[in-house]
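# Summary of structural features
Read off the chains here:
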Amino acid sequence: MSASIDLTTAIRSIPDYPKPGIIFRDITTLLGNAVAFRQAVDELVAPYKALGIDKVAGIEARGFILGGALAHQLGAGFVPIRKKGKLPHQTVRMAYSLEYGTDEMEIHVDALKPGEKVILTDDLIATGGTAEGAVKLIRQLGAEIVSACFVIDLPEIGGRKKLEALGVEVRTLVEFAGH
Ligand code: AMP
């Protein structure tokens, strides 16, 4: 096996985007790096391989890229969680909190069956508001959320703790200080 790389070096940081004071952690550079992308996916799926995962749920939009790869590796199905109005079939809708205000996300009503084992994924967890909404949607359909995984944690913002307080195991690969 080849030596692992430091995934933080594969992530591009863009100061003051999309607004002053925010450092945008851009994973397009990680996704475009064959070694880093493979390593990130391998590290994310490793603990889940023997758990009989039925579905991976990915949060729009970067969670789709990771989620598709994770689902393939686990032999699981993939389920999109999207911003409202994008899914064509009947949906369940959930409000979730953003830094300023709220928005709504949806899942197809028949995307998960009661009792199915689900992994939730996105590129980054900050406040945890987006992931919290996704956890509630998954549970509303009666599925079991086994774990939530993200490439990046911003621990000072507290999203991990928010999910853990809901009884959800959280796994992340790298951390960055600040917002
Ligand atoms: P939150 O709901 O606050 O946990 O925000 C998570 C969502 O917002 C994820 O889908 C991230 O892609 C995006 N996001 C939040 N903060 C950042 C950041 N500093 N850099 C890149 N994406 C971010």
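Looking only at helices and strands, one finds five helices and nine strands in the protein chain. Scanning the protein chain from its N terminus toward the C terminus, one meets helices and strands in the order β-β-α-α-β-α-β-β-β-β-α-β-α-β. Compactness check: the protein chain gives a C-alpha radius of gyration of 16 Å against a globular reference of 16 Å for 179 residues, within 12% of the reference. Over its C-alpha atoms, taken along the principal directions, the protein chain stretches across nearly 45 × 40 × 30 Å. When the 179 residues of the protein chain are sorted by exposure, 45% land in the buried category. Across the protein chain, contacts joining residues at least 24 apart in sequence account for 58% of those joining residues at least 6 apart. Approximately 8,800 Å² of the protein chain is accessible, and the part contributed by carbon and sulfur atoms is 53%. Across the protein chain, the mean location of the 20 positive side-chain charges is 3 Å away from that of the 22 negative side-chain charges.

Near the ligand you find 14 residues, and of these R62, D122, D123, T127 and T130 are the closest. Here a nitrogen atom of the ligand sits 3.0 Å away from a polar atom, N or O, in the main chain of I23. Considering the ligand on its own, with 490 Å² of exposed area, one finds that the protein chains cover 82% of that surface. Listed by contribution, the elements that provide at least two residues to the shell around the ligand are β2 (23-26), β7 (117-125) and α4 (129-140). Classifying every residue of the shell around the ligand by side-chain character gives six nonpolar, four polar and four charged.

Our focus in this paragraph is the environment of L137. The residue L137 is located in helix α4 in this model. Separated by 28 residues in sequence, L137 and V109 have C-alpha atoms that sit 9.5 Å apart. When residues no more than four places from it in sequence are discounted, the contact partners of L137 are I81, V92, R93, M94, M105, E106 and I107.

Moving on to the sheet that holds strand β6 (residues 102-108). Sheet strands associate in pairs through backbone hydrogen bonding, adopting either a parallel or an antiparallel arrangement. What the seven strands build is an open sheet, ordered β5-β6-β4-β3-β7-β8-β9; its pairing is mixed. Looking along the sheet, the strands with just one partner apiece sit at the ends: β5 (91-97) and β9 (170-175). Averaged over all pairs of adjacent strands, the angle between their axes in this sheet comes to 20 degrees, without regard to strand direction. Where strand β3 (residues 55-59) and β7 come together, four bridges link them in parallel fashion. What sits directly across from A57, in β7, is L120. Helix α2 (residues 34-45) rests against β8 (144-153) and β9 of the sheet, and its axis sits at about 150 degrees to β9.

What the rule picks out here adds up to eleven salt bridges. A salt bridge links K84 to E104; the nearest nitrogen and oxygen atoms lie 3.7 Å apart. Of this pair, K84 sits in the loop between β4 (77-83) and β5 while E104 sits in strand β6, and the two are 20 residues apart along the sequence. For E104, a relative accessible area of 26% gives the class partly exposed. In this structure, R160 and D153 form a salt bridge, with 3.4 Å as the shortest nitrogen-oxygen distance. For R160, a relative accessible area of 23% gives the class partly exposed. Three or more residues joined by partner-sharing salt bridges are found here, namely K84, R93, D103, E104 and E106.

What counts, and at which threshold
Residues numbered from 1 in each chain as written. Predicted model: local features only at pLDDT ≥ 70, side-chain atom pairs only at ≥ 80, totals over all residues. Heavy atoms only, no water. Helix = DSSP H or I, 4+ residues; strand = E, 2+ residues; numbered from the N terminus. Rg over C-alpha atoms; globule rule 2.2 N^0.38 Å. Buried < 20%, exposed > 50% of the residue type's maximum accessible area, 1.4 Å probe, protein only. Contact = heavy atoms within 4.5 Å. Areas by Shrake-Rupley, 256 points an atom, 1.4 Å probe, with all protein chains shown as cover. Lys, Arg positive; Asp, Glu negative; His and termini not counted. Charge placed at Lys NZ, Arg CZ, Asp CG, Glu CD. Near = heavy atom within 4 Å. Polar contact = N/O pair within 3.5 Å; in protein donor to acceptor, adjacent residues only side chain to side chain. Nonpolar A, V, L, I, M, F, W, Y, C, P; charged D, E, K, R; others polar. Pairing = 2+ DSSP bridges. Axes fitted to C-alpha atoms, helices over the stretch in contact; angles between N-to-C directions. Salt bridge = Lys/Arg side-chain N within 4 Å of Asp/Glu carboxyl O.

Distances and angles like these do not, on their own, reveal function.
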